[in-house]
Amino acid sequence: MVEFTHVINNLKLSSNLWPQRPFLSIEMSMQTLSVVGRLRSCGLLKTRGLIGGKWTDAYDGRTIQVNNPADGEVIATVPCMGEMETIDAISAAYDAFTHWSKLTAADRSSRLRNWYNLLIAHKQEIGQLLTLEQGKPLREAIAEVAYAARFIELFAEEAKRVYGDIIPSPLPNRRLFVLKEPVGVVGAITPWNFPIAMIARKVGPALACGCTVVIKPSELTPLTALAAAELALQSGIPPGVLNVVMGDPPSIGDSLLESTQVRKITFTGSTGVGKKLMAGASETVKKVSLELGGNAPCIIFDDADLELAVKGSLSTKFNNTGQQCVCTNRILVQEGIYDRFLNAYSNAVQNLKVGNGLSEGVTQGPLINEAAVMKVDSLVQDAISKEVFGPVAPIIRFKTEEEAIQIANDTNSGLAAYAFTNCIQRSWRVSEALEYGMVGVNEGSISTKVAPFGGYKQSGLGREGSKYGLDDYLEIKYVCMGNM
Ligand SMILES: NC(=O)c1ccc[n+]([C@@H]2O[C@H](COP(=O)([O-])OP(=O)(O)OC[C@H]3O[C@@H](n4cnc5c(N)ncnc54)[C@H](O)[C@@H]3O)[C@@H](O)[C@H]2O)c1
Ligand SMILES: O=C[C@H](O)CS(=O)(=O)O
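Before going into details, it helps to say that this report is about the structure given with it. In this text, all values refer to a predicted model and were calculated from it rather than measured experimentally.

Calculation rules
Each chain carries its own residue numbering, running from 1 in the direction its sequence is written. Labels follow written order: the first chain is A, the first ligand is 1, and so on. In view of the model being predicted, local features appear only for residues whose pLDDT reaches at least 70, and side-chain atom pairs are presented and counted only at 80 or more, with totals across whole chains, interfaces and linings using the full set of residues. Working from all heavy atoms in the structure, the side-chain values ignore hydrogens and water. Strands here mean DSSP runs of E at least two residues long; helices mean DSSP runs of H or I at least four residues long; both are numbered from the N terminus. Both definitions apply: the radius of gyration is a C-alpha atom measure, and the globule rule equals 2.2 Å times residues to the power 0.38. Each residue gets one of three labels from its accessible area relative to the maximum for its type: buried under 20%, exposed over 50%, partly exposed in between, using a 1.4 Å probe on protein chains only. A contact between two residues is defined here by any heavy atoms of the two lying within 4.5 Å. Accessibility throughout is a Shrake-Rupley quantity obtained with a 1.4 Å probe, and a residue counts as covered only by protein chains that appear here. Neither His nor the chain termini are counted; the positive set is Lys and Arg, and the negative set is Asp and Glu. By convention, charge coordinates are those of NZ in Lys, CZ in Arg, CG in Asp, or CD in Glu. Definitions used for this entry: grid spacing 1 Å over protein atoms alone; cavity, a set of points where a 1.4 Å probe fits but cannot get out; pocket, an open set with protein on both sides within 12 Å along at least 5 of 7 lines; lining residue, one with an atom within 4 Å of a point. Grid points are joined across faces, edges and corners, and a volume is the space filled by probe spheres set on the points. Side-chain classes follow a simple rule in which Ala, Val, Leu, Ile, Met, Phe, Trp, Tyr, Cys and Pro form the nonpolar group, Asp, Glu, Lys and Arg form the charged group, and the remainder, Gly included, forms the polar group. What we call a nonpolar core is a set of buried Ala, Val, Leu, Ile, Met, Phe, Trp, Tyr and Cys residues that are connected through their side-chain atoms within 4.5 Å. Residue proximity to a molecule or strand is established when one non-hydrogen atom of the residue lies within 4 Å of it. Counting of polar contacts relies on pairs of N or O atoms within 3.5 Å, with two restrictions inside protein: one atom must be capable of donating a hydrogen and the other of accepting it, and residues adjacent in sequence are counted only when both atoms are side-chain atoms. A cavity or pocket is said to hold a molecule if more than half of that molecule's atoms lie within 2 Å of its grid points. When DSSP finds at least two bridges between two strands, those strands are taken to pair. Every axis corresponds to a line fitted to the C-alpha atoms, with the helix fit spanning only the stretch in contact, and the corresponding angles, defined between N-to-C directions, vary from 0 to 180 degrees.

1. What to know about the overall build of the protein chain
Then, number 1: Of the regular secondary structure elements, the protein chain holds 15 helices and 19 strands.
Then, number 2: Relative to a compact globule of 484 residues, whose C-alpha radius of gyration would be 23 Å, the protein chain shows 23 Å and is just as compact.
Then, number 3: Referenced to the eigenvectors of the C-alpha coordinate spread, the extents of the protein chain come out at roughly 75 × 65 × 40 Å.
Then, number 4: Counting all 484 residues of the protein chain, 57% fall into the buried class.
Then, number 5: Relative to all contacts within the protein chain whose residues are 6 or more apart in sequence, the contacts with residues 24 or more apart total 76%.
Then, number 6: For the protein chain, the exposed area adds up to about 19600 Å²; of that, 55% sits on carbon and sulfur atoms.
Then, number 7: In the protein chain, 46 positive and 49 negative side-chain charges are present, and the distance between their average locations comes to 5 Å.

Set out below in structure tokens:
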């Protein structure tokens, strides 16, 4: 019987997480203005959509505001696009596909490498922009830009290894070949919590294979996507290969789903939206890859290294203020170590520093908006059974390994799971028993470009990153050469 005894709900932390929209101090506004000014001077503050290489307003002139979640300040306005702009973006991608897909892999690779170099060269500025629109601490934001760039670097390399096969023929007068070919135009829809990394993890493999892309970033965080698109143009990626539309999600999404020119949808976001897109894609039998919600357990066994377990479970809970799909939602602690862990973890949480992501030493930025505040606040009351996606750490005591596995697997999600133990046999048993696409043993920060990222059950379809990340953007063509 699982005893739910303690929730470290960080309400103390939470009440600071969402500053009461303090009067905008002059210094804060000057901080924002200096970041925006720097970005404008280096040409990276783009506030229009990108269609066929042209920076474009919404055809009806509508705009949406981009707000700094730390203080509600308006950073910029961007177009509120919809069906017509999306149809034009799809056409631009379709027209660009023939040329882009016919370039040599080496040529595509070198342009992606240029893009990687430019992203790294500008990671400070783009990091500041990311903190402004998403809220995460600057250190995490700069790290995300570098993480995104590393996906582009990886697929610049993998572009040159899209190999086919020659199959030994069963008949003497035939030759059998397998060709790997790009899927075509890809619709990519991405979330606000990792606004540039989630784009790079999709656009990198797509462009490497010869596909072209229409991106719809979250309307909450479009600016980093637009800055990355500007650097893509500067890197020699031709107009129309990468297009960015933003605005009304359902009308943009529906236009991508209904177009027969779009051959694949790749989505990262909530499970509910992912299911909608999967259903819509079935009308034209598009390929679909989905990176959806998680509900990560973190299991702390009696034989764990306590310091390592606290450090690991803290990072996998509070990175990006808990707004990360692989964040721990349930900390399962074996009864023998429970009291010591609870005490050590509570003390560690008190050392987290809440505030504006641009301010020195801040480790916890704000949640993305008021809606997120209300959701997390309500979930505090019922933190075990729902996805928290915020700085709330339910801690559950268990007795046996079997009990921990049963609790951990008792969910429709299956993205990431974690376990801390010093027993090698238990490490293997638990890794094999957990029904999750990714398992961290004695490590709470496992996402990397070289490993396949993705989930079991309703956490998604397909894998992103790693050498496996190319497969979702490729078609396999079998050629039978007769009369030889
Ligand atoms: N598995 C992963 O890799 C991963 C990564 C990040 C976030 N997530 C999940 O995403 C959620 C948080 O991100 P979010 O709030 O941006 O998710 P969300 O699903 O609300 O939005 C994701 C994207 O979908 C768009 N969208 C929303 N409704 C749409 C529609 N009807 N048609 C087309 N597009 C639509 C949004 O504008 C945004 O660009 C959490 O559940 C988190 O677990 C998963
Ligand atoms: O929110 C989850 C993203 O996939 C971020 S990460 O790849 O886990 O860092």
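2. A few points about the layout of surface pockets
Then, number 1: Here the largest pocket defines a volume of roughly 900 Å³.
Then, number 2: For the largest pocket, the lining is made up of 38 residues, of which W192, F267, G269, S270 and V273 are closest to its centre.
Then, number 3: Looking at the lining of the largest pocket, the elements that each hand over two or more residues are α9 (249-258), β11 (262-268), α10 (271-282) and α13 (370-379).
Then, number 4: Residues that form the lining of the largest pocket fall into these classes: 20 nonpolar, eleven polar and seven charged.
Then, number 5: A volume near 720 Å³ is recorded for the second largest pocket.
Then, number 6: Taken together, 32 residues form the lining of the second largest pocket, with E140, S315, N319, Q324 and S445 sitting closest to its centre.
Then, number 7: Elements with a minimum of two residues in the lining of the second largest pocket: α6 (138-158), α7 (197-209) and α11 (306-318).
Then, number 8: Here the element with the most residues in the lining of the second largest pocket is α11; it accounts for seven residues.

3. As for the nonpolar core
Then, number 1: Of all hydrophobic cores here, the largest spans 67 residues; its most connected members are W115, L119, L207 and L242.
Then, number 2: Per-element tally for this core: the top contributor is α6, with ten residues.
Then, number 3: What W115 contacts, discounting residues up to four positions off in sequence, is I152, V203, L207, A228, L231, A232, S235, I237 and L242.

4. What to know about the site of ligand 1
Then, number 1: Within the structure, ligand 1 sits among 27 residues, and T190, W192, E219, S270 and L292 are positioned closest to it.
Then, number 2: Within the side chain of R201, an N or O atom sits 3.1 Å from an oxygen atom of ligand 1.
Then, number 3: At 2.6 Å from a nitrogen atom of ligand 1 is found a main-chain nitrogen or oxygen belonging to L292.
Then, number 4: Bound to the protein, ligand 1 loses 88% of the 830 Å² it would expose on its own.
Then, number 5: Among the detected pockets, ligand 1 sits in the largest pocket.
Then, number 6: Among the elements of the structure, α9, β11 and α10 are those that each provide at least two residues to the shell around ligand 1.
Then, number 7: When residues in the shell around ligand 1 are grouped by element, the largest group, three residues, is from α9.

5. Things to note about the environment of L154
Then, number 1: Structurally, L154 is set in helix α6.
Then, number 2: Owing to a relative accessible area of 7%, L154 belongs among the buried residues under this scheme.
Then, number 3: Along the chain, L154 and L112 lie 42 residues apart, while their C-alpha atoms are 9.4 Å from each other.
Then, number 4: Every residue in contact with L154, bar those within four places of it in the chain, is listed here: K449, G465 and S466.

6. A look at the site of ligand 2
Then, number 1: Around ligand 2 sit Y147, N193, F194, M198, R201, Q324, C325, V326, S447 and F453, and that is every residue in its neighbourhood.
Then, number 2: The separation between an oxygen atom of ligand 2 and a polar side-chain atom of R201 is 2.8 Å.
Then, number 3: Between ligand 2 and C325, the relevant distance is 2.8 Å, taken from an oxygen atom to a main-chain nitrogen or oxygen of the residue.
Then, number 4: Bound to the protein, ligand 2 loses 96% of the 280 Å² it would expose on its own.
Then, number 5: Counting atoms within 2 Å of the grid points, the majority share of ligand 2 lands in the second largest pocket.
Then, number 6: Of the residues contributing to the shell around ligand 2, the split by class is six nonpolar, three polar and one charged.

7. Thoughts on the sheet that holds strand β19 (residues 474-481)
Paired through backbone hydrogen bonds, the strands of a sheet run either parallel or antiparallel to each other.
Then, number 1: Here we have three strands laid out as an open sheet, ordered β6-β7-β19, and antiparallel in their pairing. Every interior strand has two partners, whereas the edge strands, β6 (165-167) and β19, have only one. Looking at each pair of strands side by side, their axes are set apart by 25° on average, direction ignored.
Then, number 2: Across three bridges, β6 lies against strand β7 (residues 175-182) in antiparallel orientation. Counted as the bridge partner of D165 is V178 from β7.

8. Topic: the side chain of S218
Then, number 1: Checked against the element boundaries, S218 lands in the loop between β9 (212-216) and α8 (223-234).
Then, number 2: The exposure class assigned to S218 is buried, which follows from its relative accessible area of 6%.
Then, number 3: S218 has contacts with T190, P191 and W192, leaving out every residue within four places of it along the chain.

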